[in-house]
Amino acid sequence: MCGIVGYVGPKSTVDVLIGGLRRLEYRGYDSAGVSVVANGHLETRKKAGKLGNLESEITNHPLPIAHIGIGHTRWATHGAPTDQNAHPHLGGPTSKLSLIHNGIIENFAELKAEAIAHGAKFASETDSEVAAHLIAIEYERNGDLIESFSTVVNRLHGAFTILVVHEDQPDVVLAARRNAPLVVGLGDGENFLGSDVAAFVEHTKRAISVGQDEIVILRTDGVELRHFDGTPATHEEFTVDWDASAASKGGWSSFMAKEIADQPQAVADTLMGRLDSDGLITLPELFEDFPVADMKSIDRIIIVACGTASYAGDVTKYAIEKWARVPVQVELSHEFRYRSPIVTPNTLVVAISQSGETMDTLMAIRYARELGAKVLAICNTQGATLARESNATIYTHAGPEVAVASTKALTAQITAGYLLALTLGSARGALTTAEAARLGKELLKLPAKVQDVLATAKQAEELGTKMAGAKSVLFLGRNVGYPIAMEGALKLKEIAYIHAEGFAAGELKHGPIALIEEGQPVIVIVPSPDDEDSLHPKVISNIQEIRARGAKVIAIAQEGDKTVADYAEHVLYVPQSDPIMAAVLDVIPLQGFALALATALGLDVDQPRNLAKSVTVE
Ligand code: F6R
């Protein structure tokens, strides 16, 4: 997972690297480090713990003014999070080469034996250090840094983005990418490398996404890309549409609080330009790659995703099956990849990912494509591997999501899922133009409704604060309320470290009701009573069953629900909406609840323990 940044140019390199690492810290925060080359010398500072520790180290032992350097923030795989295991790692007997790595080098044991046989002395327990030594050994032999770098990266197995600087070559940063993300930022007389565009978006919005098995030679006056076999590689430049200020806290107590508040905008931006005022969809990025004829021939959709994104997938399934009448199954990417799924040329695989770099999801889509399926991505990050490797992409425009716990990316993913469902429904004739327009107009009302939910979020926060002593919280829902219940539980586990589980309310009496005892808090998503197929009476019955056994019920219900208050200790009301679209509204109080509860416990809500935002290892 790890975040990497590289810079060459006239600015203060330390400031550029630390600024980039701050924006990438969500990728891992076990340790951080930087190397710069100044006045013909390589200087390195690294420290276990969060970026703040590295900043203090640099204050105590300042680095010289430099115009080239690399920086790393780590999520530990091989070796504990210590100062020694922090990147960069130095290579060669005189330690003139510095290397950072994101990923896992699978054949490191045999390569390490080889490096030791050549006299290398290892200072860390990481798999990464071996690459630093091997490149240095090769360079001593042939005197050509690019050649040496290329020879070694060709010998590495596994997943890696590697960046290298060398004291003898103070004008170049070398990078290589296989199965781990790497983006180039193109400046004026300066150039950047980053795990994603957040690393450099405050300096430039011009970017190139580096392809699989490619090497980058980065200098102030130009960027050269080569395939691992040495042949030239070219990629189109793209413009990053993220606003740099969106990746800063802007006065909020945490990124998570800010990102929850960003949701009206995230939903609005995801809809922008894709629905006209009559509620009809224009999704050119989809139609270009999937002509209507192709949409008609799809006989099954498999949605692959992990974690929160998989809950967006579950909601999308309900929308597609209801509006487009195509069978949909939702699979955790890692489960899909390692069984024998049935995929035919008429299967559409939809991959949902905020980062677009989740390795489990990338492996799933590569496999799906091998099996002959077309892949459509729903992705938040421009230039991400997922978008590059899919047949078409619907971008969610949630902006950079920095807090590890996903909030605005989820509501934007669900919104994109609705757009996809309506598109398919219209193309396949499952929806009449009038029905599609009615639903499209409902969709256009969502950003204002999300804003209204936020206005009443205070109550959810108060409840969260009051419940800081809870040992366990259960969540129940039916239909789209079911994945939202699971998401509510995930948020609580992730940031408050409290046992929480989400259940389908109908499943309760098949086992989980045994968990209910006096005082057990249960949050129930209650659907609207007004919908003609409403599950409202069934959910009210489920509430009665658990209350009879001592549960303390908090209901999330729609405004105008006159009965729910008789059955729950607390009711949090959200605006009325289409039953499928209610998912986007119901989840917001759950996010606020988890945030308040974790804050009351004094926890770091943006960087919860053991986690990293982008899971780039399987
Ligand atoms: C939970 C969370 C994770 C991610 C999951 C997939 O709050 O953030 O469960 O949703 O790791 O990440 P992406 O969407 O980047 O593929």
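In this text, all values refer to a predicted model and were calculated from it rather than measured experimentally.

Asker: What exactly am I supposed to notice about the layout of surface pockets here?
Answerer: If you roll a probe as big as a water molecule over the atoms, it shows you where there is empty space left. Estimated volume of the largest pocket: approximately 490 Å³. Contributions of two or more residues to the lining of the largest pocket are made by α10 (307–323), β17 (347–353) and α18 (481–496). Sorting elements by how many residues they give to the lining of the largest pocket places α10 first, with four residues. Broken down by class, the residue content of the lining of the largest pocket amounts to 10 nonpolar, nine polar and four charged. Two domains share the lining of the largest pocket, each providing at least three of its residues, namely domain 2 (250–444) and domain 3 (454–604).

Asker: In this structure, what is going on with the side chain of Q354? I would like to understand it.
Answerer: By the element assignment, Q354 lies in the loop between β17 and α12 (359–370). Engagement of the side chain of Q354 in a polar contact is seen with the side chain of N380, the distance being 3.1 Å.

Asker: Could you clarify how one ought to interpret helix α4 (residues 129–142) in this entry?
Answerer: With 14 residues, α4 extends 20 Å between its outermost C-alpha atoms, agreeing within 8% with the 20 Å of an ideal straight helix rising 1.5 Å per residue. Taken across its 14 residues, α4 has 10 buried, putting it largely inside the fold.

Asker: Hey, could you run me through the packing of α10 against α18 in this one?
Answerer: Where α10 contacts α18, the two axes come as close as 9 Å, and the packing angle between them is 170°. By the angle class used here, α10 and α18 are roughly antiparallel. Of α18, the residues touching α10 (which contributes G307, T308, Y311, D314, V315 and Y318) are Y482, P483, I484, M486, E487, L490 and K491. Residue composition of the contact of α10 with α18, grouped by class: eight nonpolar, two polar and three charged.

Asker: Just to check I follow, could you spell out the domain arrangement of the chain for this structure?
Answerer: Bring the parts together and some accessible area is lost; that lost area is often taken as the interface size. Under the domain assignment used here, the chain contains domain 1 (3–246), domain 2 (250–444) and domain 3 (454–604). The straight-line distance from the C-alpha centre of domain 2 to that of domain 3 is 25 Å. Counting residues at the interface gives 29 residues for domain 2 and 23 residues for domain 3. Across the contact surface, domain 2 and domain 3 share zero salt bridges. Linking domain 2 with domain 3 are five residue pairs in polar contact (both at pLDDT 80 or more). Taken together, the elements giving at least two residues each to the side of domain 2 that touches domain 3 come down to α6 (255–261), α7 (263–271), α10, α14 (408–427) and α15 (433–444). Tallied by class, residues from the side of domain 2 that touches domain 3 come to 18 nonpolar, eight polar and three charged.

Rules and cut-offs
- Residues numbered from 1 in each chain as written.
- Predicted model: local features only at pLDDT ≥ 70, side-chain atom pairs only at ≥ 80, totals over all residues.
- Heavy atoms only, no water.
- 1 Å grid on protein atoms, 1.4 Å probe; cavity = no way out; pocket = protein on both sides within 12 Å on 5 of 7 lines; lining within 4 Å.
- Points joined across faces, edges and corners; volume = space filled by probe spheres on them.
- Helix = DSSP H or I, 4+ residues; strand = E, 2+ residues; numbered from the N terminus.
- Nonpolar A, V, L, I, M, F, W, Y, C, P; charged D, E, K, R; others polar.
- Domains from an automatic or database assignment.
- Polar contact = N/O pair within 3.5 Å; in protein donor to acceptor, adjacent residues only side chain to side chain.
- Expected span 1.5 Å × (residues − 1).
- Buried < 20%, exposed > 50% of the residue type's maximum accessible area, 1.4 Å probe, protein only.
- Axes fitted to C-alpha atoms, helices over the stretch in contact; angles between N-to-C directions.
- Parallel < 35°, antiparallel > 145°, perpendicular 65-115°, else oblique.
- Contact = heavy atoms within 4.5 Å.
- Salt bridge = Lys/Arg side-chain N within 4 Å of Asp/Glu carboxyl O.

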